[in-house]
Structures are given as C-alpha cells and as structure tokens.
Amino acid sequence: MSYDLLLNAVAAGLLLGGFYAAVSLGISVAFGLLDVVNIAHPVFVILGAYAAYVMNARFGWDPVLTGLVFTPVFYLLGMAVYRVYYASFERKGEEALRGLVFFFGIMFIVEVLLILVYGVDYRLVEAPYIGESFHLGPVSIAYRLFVPFLGGVLLAGGVYLFLGNTFFGRAIQGVSQDSLALRLMGADPIRIKTIAFGIAIATASLAGSLLIIIGPVEPSIGREYIGRVFAIAVLGGMGSIGGTFAASLILGVVESLTSTFYGPSWSTAVSFGVLLLVLALRPAGLFGR
Amino acid sequence: MRGRTLLGVAVAVVIGGYLTTRFVSHGYFYFASYVILQYIMLATAWNILGGYTGYVNFGSAAFFAVGAYTSIVLIKAFKAYFIFLALAGGLASALLGLGIGYLTLRLRGVFFSIATLALAVVLQTAVINWGYVGGARGIYILRARSVPFFSSYTEFLFFMMVVFAVLSVAAAWWIENSWVGRGLAAIRDNEEAAECMGVPTLKLKLFATTVSGFFMGLAGAPFPYYVTYVEPSSAFNLDYAVNSLAMPMIGGTTSWAGPVVGAILLGAAQQIATVTISSAWNLLIVGVVLVAFVILAPEGLVGLALRLARKRGA
Amino acid sequence: MARALLEVRGVVKRFGGFRALNGVSFGVREGERFGLIGPNGSGKTTLINCVSGALRNDAGTILFRGRDLGPLPAYRRTRLGIARSFQIPRPFASMTVAANLCIPLEYAAHARSRGADVAAEAREILRLIGLEAKADVRTGGLTQIEMRKLELARAMAAKPSLLISDEAMAGLSSGEVDEILDLLRRLNGQGITVIMIEHIMRAVMSFSERIVVLDAGEKIAEGTPGEIAGNKDVERAYLGE
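Residues numbered from 1 in each chain as written. Chains lettered and ligands numbered in written order. Predicted model: local features only at pLDDT ≥ 70, side-chain atom pairs only at ≥ 80, totals over all residues. Heavy atoms only, no water.

### Notes on the interface of chain A and chain B
Residue-level contacts link 40 residues of chain A with 40 residues of chain B. Summed over both sides, the interface between chain A and chain B buries roughly 3,600 Å², with carbon and sulfur atoms accounting for 84% of that surface. If you sort the residues of chain A by the area they bury against chain B, Phe104, Phe108 and Phe272 of chain A come out on top, with a joint share of 18%. The interface formed by chain A and chain B holds 0 salt bridges in total. Of all the secondary structure elements, the ones that give two or more residues to the side of chain A that touches chain B are helix H3 (63-88), helix H4 (95-118), helix H9 (222-235) and helix H11 (267-281) of chain A. Sort the elements by how many residues they give to the side of chain A that touches chain B and H4 of chain A lands first, with 16 residues. Residues belonging to the side of chain A that touches chain B are distributed by class as follows: 30 nonpolar, 5 polar and 5 charged. (Contact = heavy atoms within 4.5 Å. Buried area = accessible area lost by both parts, 1.4 Å probe. Salt bridge = Lys/Arg side-chain N within 4 Å of Asp/Glu carboxyl O. Helix = DSSP H or I, 4+ residues; strand = E, 2+ residues; numbered from the N terminus. Nonpolar A, V, L, I, M, F, W, Y, C, P; charged D, E, K, R; others polar.)

### A short note on the sheet that holds strand E8 (residues 193-197) of chain C
All names here are of chain C. With mixed pairing, 6 strands are arranged side by side in an open sheet as E6-E7-E8-E3-E9-E10. The sheet is open, and its two borders are formed by strand E6 (82-85) and strand E10 (218-223), each paired with just one other strand. The average angle at which neighbouring strand axes cross in this sheet is 20 degrees, direction not considered. Lying on the sheet, helix H5 (residues 144-157) is in contact with E6 and strand E7 (162-166); it crosses E6 at an angle near 170 degrees. (Pairing = 2+ DSSP bridges. Axes fitted to C-alpha atoms, helices over the stretch in contact; angles between N-to-C directions.)

### Brief notes about the interface of chain B and chain C
Across the contact, 20 residues belong to chain B and 23 residues belong to chain C. Approximately 1,900 Å² of surface area, both sides summed, lies buried where chain B meets chain C, with 61% of it carried by carbon and sulfur atoms. There are 2 salt bridges connecting chain B and chain C. In this structure, Glu192 of chain B and Arg90 of chain C form a salt bridge, with 2.4 Å as the shortest nitrogen-oxygen distance. Viewed at the interface, chain C and chain B are joined by 11 residue pairs in polar contact (both at pLDDT 80 or more). Per element, the largest residue contribution to the side of chain B that touches chain C is 8 residues, and it comes from helix H7 (residues 179-189) of chain B. (Polar contact = N/O pair within 3.5 Å; in protein donor to acceptor, adjacent residues only side chain to side chain.)

### Some points on the arrangement of the chains
Here the protein chains form 2 pairs of chains in contact, of which the pair with the most contacts is chains A and B. The least C-alpha distance between chain A and chain C, which are not in contact, is 6 Å.

### Overview of the pairing of strand E4 (residues 59-64) of chain C
Note: strand E1 (residues 4-15) of chain C against E4 of chain C, 5 bridges, orientation antiparallel. From the neighbouring strand, Leu6 of chain C faces E4 of chain C, where its bridge partner is Phe64 of chain C.

Have a look at this one:
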C-alpha cells in the first residue's frame, strides 16, 4: 500500500516536473542565456492562464488551443518589454538595480490589474479531459496532469531543437558567450536578444494554459513560482535546456514526495530550500560544467 | 558641525513627537502617522542595502513579518516588555539578513534578490503551519490598559515609532557619511575594483544586510500592538515589499533624505487614495509610478530637486 | 640574488576543462621593473588575477615577501602592498576623481589608522600624476588617457610596494604612451616594484629590466629585453609557425 503511494507520488512528481519545465524554459532562456533577470516571468504565465480562462469561458476554446493561438501575441509582448528594458537599463549598465526593480514593477502591475479586472477568486477552465484519468498498473494518471506534462515535454523539445539547429538558435547561444563572435557572424546582438526574449515570453502563453488545466488560478499564484523557476534554472545549470528539463523533473518529484508525506503546504518551501542549497553548495548547477 | 545640527533636529523631532501626544487626540491622525512612520523605517532600511550598496531586497515583507511574529511569540511566552519585543524583533530580522546574505552574497547580486523574493512565500507558509502564533486564522494581541506618561496606548505606540524612525534615519545618515558608506558606494559602483582597492566587500555587504534587516524587524515588532489582530496575510503583505523599494526609488536612493521624502509623499498619497478610491487602484498607482520613476527619473525626487537647485544657482 | 618580493611557483588555473595557466613559475625582485608579455589568451591577465586575488589558483603557490597569499582574499592582498590597475578601467562612477582615490587611501593605505587626511593625500597623488584639474569631476567626464591615469592613480593611492599595470597603454597615442611610461619610471624610482603587462613592445622593451613570456598558459622564455628579442620560441609564439 505504502509502496503504491510512493509510486503514485513519484509518477505525479514526474508529470508535475514536465509542466514545471514549461514554466521554467522562459527563465532559462532569459536569465541563463541572455542574462536578463526577468523575475516577472511567472506573472506572464498567469497572464497566459487568464487568456485561457477568458477564451474558454467566452467561446469554449480548449485551453491548449488558446495557448497556441496567443503564443505570437506573447512573443510580440516579450519583444516590446525587452526593447524598453534595453533602452532604459541595459544600455546604460543599470540592469543590476533599476532593471530588477523594473521587472518587479511589471510583475506587480500585472498582478494588480488582474485583481482589478477579475477579482481575487479562483478561475478555472472546462475541457473534456479534465477530471478523467487512466491507469498504468498500480499508478493512476490524471489527464489534468498528463496533458501539461506532455505540453512541457513538447515545448522543451521544441526550444531545444530550435536553439541547436537553427541560425537564430545558435546566434542566441552565441550571445551568452561572445557578442564579438556574433558581430563577426553579421548578427546584431540586440536584435538577437530581442528575438530571444520574445521567445522566452512566448513560452509563457502555453505554460499558462497548462497551468490552468492543472488547477484553478488566482492572480497572486505566480509568486509561488518565482522560487521554483529560479531553483530550476540554477539547478539546471543556467541556460541549458536539457539541464532545465532534468532539474524540473527532480524538483517535481521532490515536491510531490514532500507534499504526499508532509502535507501540500510545504511544497513551496521545497523549491526555496533547493534554491538556497544549490546557491550555497554548487552555484554552477547540477548540470553545469 | 553638520552632524551636531542634525542631532539637534533628531532630538527636536522626538520631543515634538511627545508633545504631539499631549495636544492631539484625533484617532485617525495616529493611525495614519503610524503607517507613514513605519514606511519611513522600511524605506530607510531598504535603502541602506539597495541604494547605498546596490543590492535589491524584494523580501521586505518577510523581514517585517519576522519582527512582528518574534514579538507575538515573546508576548505569548513571556508577556515581555515592549522595548524587549522591539529589540528582539530587530535582532531576529538582522539574523535573517545575515543568514540569507551569507548564503548568497558571495555570488552575483541577483541571487540575493531572487532568494529574498522566495523568502516571503516560504516564511509565510511556515507561519501558516505554526499553530502557536495563530496559524492561518491569525491571533489577537491585548494591549496594556495604560502606559505611564501617555494617555493611551496608541499615543505611546506613535511616540515609539517616532523614536525608532529617528534612529533608523540617524543610522542611515551615519553610514552615508562614514567610511562604511564610502566603501558601500564603491561596492555599488564596481565591486571587483572595490575589493582590489582594499575594501572588504563581503564583510561590508553582510553588515549592510544585517543593519537593513534590523530596522525592518524593528519596524515590524510593534505591528501586533498596532493592529491587535495579526494574520499571516497582513504581516506578509506584498504592500510592504513594494512600498519599501518604491519609496526610495521615487524619493531618491543616494541620500538618507530620499527614502524619507518618498515615504512621506507616497505614504500620505496612499492614505488619501485608500479612503477615496479602492486599495487595489491605489496599489496599481504605486506600481505605475514606480516603473515610471525607474525609467524616466532614476535619480528620484531629491535628485531632481538638487539638479533644479543647481541650475538656478548656475 | 636578492630574495624575491613576489614568487610564483607552479601556478595552475583551470576553467572547466581548459587550462589557462599550466604550472607557471617565476620571481620578481624588490625594486625591479618587470615585464610580462605573451600573445592574446596566453594567460597574462589570468595570472594577474591569481596574484591580486580576483581568482583562486587551482594548484601552486604565490608568495609575497615570503608569505603564502593562498588563503587571503583580494582586499587583504592589497593591504599587504599589492595593487593593480584594470585593463578596462573600472572607476567608481558615482564619485569624483578625488573621491575615487579616497577609497584605497582609506581602506588600504590607512586601513589601521582612520582619521588621516586622505583628501589632501588624494590631491597630492593627482598632482603627481597630472590629474589635479579634474579632481572634482565625476569619472564620466574623463578622456581615455585620463581614465588610464585614474586607474594608475587609484592603484598608487593604495600605497603599494608592488604595482601591477595591466595594459595601461592600450589604445593610447605614442605621446600618451611615453607619458605613462615616464610616470611608471618615476614610481619605480620611489622604490615601487612594477610589473607591466603590455602589448606595445616598444614600451615593455624599453621599460623592463627583465621579462617573462607566457604562451598558452606556460612560461616559454625569461630574460633581459635583449635576450627576449632574440629568442626563437618567442618569435614563433607571436608570429605562429
């Protein structure tokens, strides 16, 4: 019986971890590759979740469909945010203090706007698969976890292939190492960073729709994800997509075990503990060089 | 000379604070002033680390709440005297600052900021699960019936906050004008160069996080007596985190006057806005003003005023 | 041979799998004008970072006046008497030029005796280096050469016995190079040992009494400028095969 419990907890953790990858990808790209400390990323994910909620409530759209349709909108939004950030802070070398505060301000404004428009109540979506589950031996797998897991895997795979196999992808990876080499390739580092940041925010659209499939969402829920996504990005070795995915699975399993055996309210503390532990012991991350 | 003048001002403010309690009996006045004094402390404390040293603390709410909950524990366990609560609250918060600083400050500055972001969420979870201090339901705190020299506990609290606020501003003033402050400014400008010029960067950063933590805790310690009913969501309110960085950013981060000006203006504006429009709108305005200042007026109001004065003079 | 002021013994520094320094050894004598040269990426700046304490070497020891620097953080090394300038100037941008000098004066030169008149000393150093006119200007308003001079002035303000000048002349005109050279010679005349890292051969060759050449993290030659100029390994390292 307790063996089954353990097995189910691990399975739920892996599924949750796959979804965490979707939320953390944007941080890995922005923070790990571009060195832009976008602490507002989780709130963009919440924005994605509310888009899924609105389209679902108004027009009955499937959340995943909303996530895909809104991806280009988030991409443009991300590009715009980076342009402002670059012109106001990065160009002047003021990203460390004012740049951080800027993202904090954005996070705060979006959260308060969501409260003003939709209130502090939990919002949820309806889809035929939510509430259903299937069995794999003794393990019961809920679709509301399986779909986000699948979405996370595909999103991570997509970003991984894009970064490794396209001109822009390689240029983005080049930006983090050597912008001189990039100029020699004939690419403008600022343009590359704008595109890359756009992509980072674009992932928040689908991640948000996956979030609201897992469970109901309210505006301040994003705060719980800040510790989580940064723990994952650092643990994953800053900017490595494979590392991010592995770190997401690890964190998902550890959280799920904690939640099963000590109570769900402690799961946010897990990511914070992991974050501090990694920073203190191995800041290059588990998968860093 | 200048130091002596400011000492005179500080003493005058404290005496003025006491005289106020003799002549003013309007309840709302104390309510509003308490909040503004609390923000002067939080903004000043934040600025010692953020403005002088260049390290952003997003977890002011957590430091504030640690002060408040330390005081709740001491009230419940020992019925401790007010001044002990205040000191203990400050010290607990100072230790928290030291600990977080020790774990993260050897790395790049952003890691400290990220850790402070997550800190509030985790500590709030801990408090929610801690029945002794009321857990998620919250806890009632009884005030003493009477205090010597004051006609009500509210007036006593107001006076103590005046004293604490003066202390924190004085500490900021001393740091700013001493070798410590010059070392912190060197760290803010270029940490590696500072270290190579003989500045013990890690020690000074830990000093700044500890002092900053102390005053945030000191601001939070009287909170249970002020509200008399504390629940986790009020002690860990995001307002504190936002305001304690927005106020110095809007007032100006390079001198002690910036956070004070920011706290008085923004604090008073919020008091008025909360009465006239809703508190959510009020927060939205704070956020928008913060972002606008960070982008358009990075030197803050005090910096703008100085620049204007210089132009007049020239 | 006089005992070495600075002794570098078998220093190794790795970045991941890449060995930036691979067992470098040499000594610098008290009062010497010492040149450290090598092609780009040969490990010169890495070595200086290990000496000044910005980086920790993975193996080997660095001795200063016979004392192992290994466990000391950078600021302690500065207080012992090792000061450096940075290749890319790193001024304290919110401060005036004079205030920039007050930091090392207060924290290194007079670390144990607070209350010294650092402002007057800062002016004296600025006068010596020819920057006194800019004393009250913020560093943003400085020209390229003034910025380089500030770097050196700030290092001098730490009152070092060993001054490490990391490419202080890159990008300067020929006349400006002579100005900096003259300055370093004067400092040396006051008894300060100088290590010069430089790409401008004319400058290093005329300045140094002894030169060490690094290539790919290893020492390939050591000797007087005359010996280095005729060395086949050095020529190969600079010109390729």
